[in-house]
Amino acid sequence: MNIELRHLRYFVAVAEELHFGRAAARLNISQPPLSQQIQILEQQVGARLFARTNRSVSLTAAGRQFLADSRQILLQVNEAAARASRLHHGETGELNLGFTSSAPFIKAVSDTLSTFRRRYPDVHIQTRETNTREQISPLTEGTLDLGLMRNTQLPDTLNWQVILREPLLAMIHRDHPLASQDAVSLVDLSKEPFVFFDPHVGTGLYDDILGLMRRYGVMPTITQEVGEAMTIIGLVASGLGVSILPASFRRVQLQEMRWVPIIEADAVSEMWLVWSKHHELSQSAERFKQHLLSAAKVSVSATKT
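The shown structure was predicted, so the numbers you read here are calculated from the model rather than taken from an experiment.

Undergrad: Go over the overall build of the protein chain, please, and point to the residues and values.
TA: A tally of helices and strands in the protein chain yields ten helices and twelve strands. Taking 305 residues into account, the globule formula puts the C-alpha radius of gyration at 19 Å, and the protein chain, at 32 Å, lies well above it. In terms of its C-alpha atoms, the protein chain occupies a principal-axis envelope of roughly 105 × 40 × 30 Å. Excluding contacts between residues fewer than 6 apart, the proportion of contacts in the protein chain whose partners are at least 24 apart in sequence is 73%. Surface exposure of the protein chain reaches about 15700 Å², of which carbon and sulfur atoms provide 49%. One way to put it: in the protein chain the 31 positive side-chain charges average out to a point 12 Å from where the 31 negative ones average out.

Undergrad: Give a detailed account of the side chain of Arg150, specifying residues and quantitative values.
TA: With respect to the secondary-structure elements, Arg150 resides in strand β5 (residues 146-150). With relative accessibility at 1%, the residue Arg150 sits in the buried group. Among the polar contacts listed, one links the side chain of Arg150 to the side chain of Ser269, at a separation of 3.0 Å.

Undergrad: Kindly report on the packing of helix α1 (residues 5-17) against helix α4 (residues 61-88), identifying the contributing residues and their values.
TA: At a minimum axis distance of 10 Å, the contact between α1 and α4 shows a crossing angle of 125°. Classed by the angle they form, the pair α1 and α4 counts as oblique. Considering the relative orientation of α1 and α4, their crossing is left-handed. Together, Leu5, Leu8, Arg9, Phe11, Val12, Ala15 and Glu16 of α1 and Gly63, Phe66, Leu67, Ser70, Arg71, Ile73, Leu74 and Val77 of α4 make up the contact between the two elements. The class makeup of the residues in the contact of α1 with α4 is ten nonpolar, two polar and three charged.

Undergrad: Which residues make up helix α6 (residues 132-141), and what values go with them?
TA: Because the α-helix completes a turn every 3.6 residues, residues three or four places apart line up on one side. If you check which residues of α6 are buried, you get Thr132, Gln135, Ile136, Pro138 and Leu139. You can read the cap of α6 off the contacts: a side-chain oxygen lies 3.1 Å from the backbone nitrogen of Arg133, and it is on Asn131. One or two residues past the end of α6 sits Gly142, with phi positive at roughly 90°.

Undergrad: Pulling in residues and values, what's your account of the nonpolar core?
TA: Ranked by size, the top nonpolar core spans 39 residues in total, and within it Ile172, Ile244 and Leu245 carry the most contacts. Going through the elements one at a time, β6 (158-173), α7 (186-190), β7 (193-197), α8 (204-215), α9 (229-237), β9 (243-246) and β10 (257-261) are the ones with two or more residues in this core. Every residue in contact with Ile172, bar those within four places of it in the chain, is listed here: Leu178, Ala179, Val184, Leu189, Val236, Val242, Glu256, Met257, Arg258 and Val260. Grouped together as the second largest cluster of nonpolar side chains are 23 residues, Val109, Val123, Ile163 and Leu293 included.

Undergrad: I'd like a description of the packing of aromatic side chains, backed by residues and values.
TA: Under the counting rule described, the total for this entry stands at ten aromatic pairs. Ring centres of Phe116 and Tyr120 lie 4.8 Å apart, and the angle between their planes is 50°; on these two criteria the pair is classed as tilted. Pairing Trp160 with Trp272 gives two aromatic rings, centres 3.9 Å apart and planes at 10°, and the pair type is stacked. Here Trp272 lies in strand β11 (residues 268-276) and Trp160 lies in strand β6, a separation of 112 residues in the sequence. For Trp160, a relative accessible area of 14% puts it in the buried group. Relative accessible area serves as the criterion here: at 6%, Trp272 is assigned to the buried category. Within the aromatic cluster, the residues linked to one another by ring pairs are Phe11, Phe20, Phe50 and Phe66. Lying over the aromatic face of Trp275, Lys289 brings its terminal NZ or CZ to 3.8 Å of the ring centre.

Undergrad: Account for the pairing of β5, naming residues and giving values.
TA: Burial analysis of β5 places five of its five residues in the buried class, which makes it a mostly covered element. Of the two faces of β5, both are covered, the one formed by Leu146, Leu148 and Arg150 as well as the one formed by Gly147 and Met149. Examined bridge by bridge, strand β3 (residues 93-99) and β5 share three bridges and lie parallel to one another. Residue Leu97 lies in a different strand from β5, and its bridge partner there is Leu146.

Undergrad: Lay out the environment of Glu166 with the relevant residues and their values.
TA: The topology assignment puts Glu166 in strand β6. Given a relative accessible area of 5%, Glu166 falls into the buried group. In this structure the C-alpha to C-alpha distance between Glu166 and Glu270, which are 104 residues apart in sequence, comes to 6.4 Å. Here the side chain of Glu166 touches Ser248 through a polar contact of 2.5 Å, side chain to side chain.

So, how was this worked out
Residues numbered from 1 in each chain as written. Predicted model: local features only at pLDDT ≥ 70, side-chain atom pairs only at ≥ 80, totals over all residues. Heavy atoms only, no water. Helix = DSSP H or I, 4+ residues; strand = E, 2+ residues; numbered from the N terminus. Rg over C-alpha atoms; globule rule 2.2 N^0.38 Å. Contact = heavy atoms within 4.5 Å. Areas by Shrake-Rupley, 256 points an atom, 1.4 Å probe, with all protein chains shown as cover. Lys, Arg positive; Asp, Glu negative; His and termini not counted. Charge placed at Lys NZ, Arg CZ, Asp CG, Glu CD. Buried < 20%, exposed > 50% of the residue type's maximum accessible area, 1.4 Å probe, protein only. Polar contact = N/O pair within 3.5 Å; in protein donor to acceptor, adjacent residues only side chain to side chain. Axes fitted to C-alpha atoms, helices over the stretch in contact; angles between N-to-C directions. Parallel < 35°, antiparallel > 145°, perpendicular 65-115°, else oblique. Left-handed = near helix turned anticlockwise from the far one by under 90°. Nonpolar A, V, L, I, M, F, W, Y, C, P; charged D, E, K, R; others polar. Core = buried A, V, L, I, M, F, W, Y, C linked by side-chain atoms within 4.5 Å. Phe/Tyr/Trp six-rings, centres within 6.5 Å; stacked < 30°, edge-to-face > 60°. Lys NZ or Arg CZ within 6 Å of the ring centre and 35° of its normal. Pairing = 2+ DSSP bridges.

In structure tokens, the structure reads:
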């Protein structure tokens, strides 16, 4: 049996018109080839599909059954083609996105997530909140499509692009004398009890901020080590010490705490968008990447390849 889709389309046209001339005009072919193709189809099926007289054409019982099945087959083919096309164009599928705890506080990230969800509701966005170091292996292996992380040492298997450069801010309890200043220095902060990340947590901010302080020849006395940025904020608000976090976290406003600028001009942090060099991005991941880079207005010169 060698039935082609065109045979089904020809058959459905004749079955719906019940007239070979009108069906041929509808298909934009001449009548003799259409009649020949219907005969070939009947031979392939092994059943007479039409009862023909000089004046009329009607469906046989086998023809009526074949019409219902043919319509279903053509519908399934059209739906399959539409699904493949939508997947190819990034309108469906799955996007696996890793991000650090600070990423949702970045306006470009939150705006992109919101816009992307509205425009592509059939793309399932699977998010995974994890620290910078824990994203590297899944990105390399391809189980994560894209990662949002703080600047850190990356293997050659990954590409990255800066989506945000933002100032680091001091976090100080409102009753502390430093809280009333317009800006504070790293030296001032290093003299205070410091609330910071546990070094084993793997956040990029740990090396980023401590590396900055080392460049100025100071090291804080870390009295509280925790795993989450929100815990740091809560402990500073409780008066257990001072700390430093990127300005994105300033969206968290607590009455007991003040965000104070840092004097040193290079007290900045970067958020990176990271992806694998060796795993081709799906169209949905590529669309999200381009939406985010556009929202972030990042210069091409910031790309590392």
